[in-house]
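# Structure at a glance
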Amino acid sequence: MPFPVTATLLDAVVLAIVAREDIYGYKITQEVRRLVGISESTLYPVLRRLQKDGFLTAYNEMMTNRVRRYYHVTPSGREKLREYRADWTAYRDALESVLGEGEGKSE
Amino acid sequence: MNAYEYLNALRRAFEVLPEDERESAIRYYEEYFLDAGPENEQQVIEELGAPEQVAQNIVNEYKEVARRAPSPDPAAEAEGAEAAPSAVPARPRPAWETLLVLLGGLVLLCFIGIPVLGGLLAGAVGLAVGAVALLAGLGLMLVFVLAALPVAAVVAGVGLCAFSLALFFGGRAASGLLTLGAGVCLLALGCMMGFGCVRLCAACIPPLMRGVGWCVEQCGRFFRWCARLARQAWERLRGW
């Protein structure tokens, strides 16, 4: 994907992924890579920032032989996600109007 | 490089972070490797990139969050994640202000810091040396006493036995027998005490050595803590 993903966009994507269901670090990375294809393979700073801002919390899940840390969206996180979605829709529509297929006057 | 080495490199690079941040970060990557599975170890290492780089990003992010205002600044956010790893958005300060601070710090150090700290340090070292010397002296005394008694008893016993032989040859059989008896008793007593002392030492010395080792370890930890404090102060001064 040639378009760089800004930090804000990455925050929004991660927040949206966690909002779907509680999820752990490695899986988030897999999902982000699948969706956006970015070379950014480590999301720890993003997760930490979202936690510090109060949008995510983390908890430990007991597994058979180890503990795994899961992330969960807080109510304020869902609120922030609503904001992001609103911003995204406006942004997307604006870009679509100029970059989208079938638009523009080139012939 | 394998996961173990990678994580160790990360751990070293994270040392500039406070303890809980460091633990949290290292734990994330430990779990990352675990979840990726051993078969993907090399791929993960490749994708993550140099551990120093990874750590630098996280340290920069930590500094960014530390100075962030309640409402996120979009410019700083974008810069934070996208900027070159070495760039930390810092407020530029006039050169003369930095110079003044450095000068003030130097004066403080010379007239207050060094004498006070130096005195404290010398005092602490003196106390430590004194304590060690006292313990060593007491220990030696104890060892000497413990060793001397059995040895004295054995020597006395042998002496008496030899004297008893002389009495036998001198015709005083009764006295000789008595003396022999006493000598053998003393000999036995000395041997028993000797064994007892050896057992005592065997029981006491390993815990003592462990105690000494613990003291040495605590000193090491203290110095490492001091070094970390100094490094953090330096980092803060640099980022000023």
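### What about the interface of chain B and chain A?
- Each partner contributes to the interface: chain B provides 24 residues, whereas chain A provides 29 residues.
- For the pairing of chain B and chain A, the buried interface totals around 2,300 Å² over both sides, and the portion due to carbon and sulfur atoms is 49%.
- Ranking the residues of chain B by area buried against chain A places Tyr28(B), Tyr32(B) and Asp35(B) at the top, with a combined share of 25%.
- Linking chain B with chain A are seven salt bridges.
- For Glu21(B), the salt bridge identified is with Arg48(A), shortest N-O distance 2.5 Å.
- On the surface where chain B and chain A come into contact, there are 10 residue pairs in polar contact (both at pLDDT 80 or more).
- Taken together, the elements giving at least two residues each to the side of chain B that touches chain A come down to helix 2 (19-36), helix 3 (41-48), helix 4 (51-66) and helix 5 (74-82) of chain B.
- For the side of chain B that touches chain A, the per-class residue count stands at 13 nonpolar, two polar and nine charged.

### Side note on the packing of helix 6 (residues 95-169) of chain B against helix 7 (residues 173-238) of chain B
All names here are of chain B.
- Contact pair helix 6 / helix 7: the axes reach a minimum separation of 6 Å and the direction vectors enclose 170°. As judged from the angle between their axes, helix 6 and helix 7 are roughly antiparallel. Where helix 6 crosses over helix 7, the handedness of that crossing is left-handed.
- Counted by class, the contact of helix 6 with helix 7 contains 26 nonpolar, eight polar and no charged residues.

### What to know about the nonpolar core
- Ranked by internal contacts, the top residues of the largest apolar core, which has 48 residues, are Val14(A), Ile28(A), Leu10(B), Phe14(B) and Tyr29(B).
- Among the elements that make up this core, the one with the highest residue count is helix 1 (residues 7-20) of chain A (nine residues).
- Setting aside anything within four residues of it in sequence, one finds Leu10(B) in contact with Ile26(B), Tyr29(B), Pro51(B), Val54(B) and Ala55(B).

### Points about the confidence of the model for chain B
- When the pLDDT values of chain B are averaged, the result is 81; 88% of them are 70 or greater.
- Contacts of residues 71-90 of chain B to residues separated by more than four positions or lying in other chains number 28 contacts, the stretch itself having pLDDT below 50.

How each quantity is defined
Residues numbered from 1 in each chain as written. Chains lettered and ligands numbered in written order. Predicted model: local features only at pLDDT ≥ 70, side-chain atom pairs only at ≥ 80, totals over all residues. Heavy atoms only, no water. Contact = heavy atoms within 4.5 Å. Buried area = accessible area lost by both parts, 1.4 Å probe. Salt bridge = Lys/Arg side-chain N within 4 Å of Asp/Glu carboxyl O. Polar contact = N/O pair within 3.5 Å; in protein donor to acceptor, adjacent residues only side chain to side chain. Helix = DSSP H or I, 4+ residues; strand = E, 2+ residues; numbered from the N terminus. Nonpolar A, V, L, I, M, F, W, Y, C, P; charged D, E, K, R; others polar. Axes fitted to C-alpha atoms, helices over the stretch in contact; angles between N-to-C directions. Parallel < 35°, antiparallel > 145°, perpendicular 65-115°, else oblique. Left-handed = near helix turned anticlockwise from the far one by under 90°. Core = buried A, V, L, I, M, F, W, Y, C linked by side-chain atoms within 4.5 Å. Buried < 20%, exposed > 50% of the residue type's maximum accessible area, 1.4 Å probe, protein only. pLDDT = per-residue confidence, 0-100.

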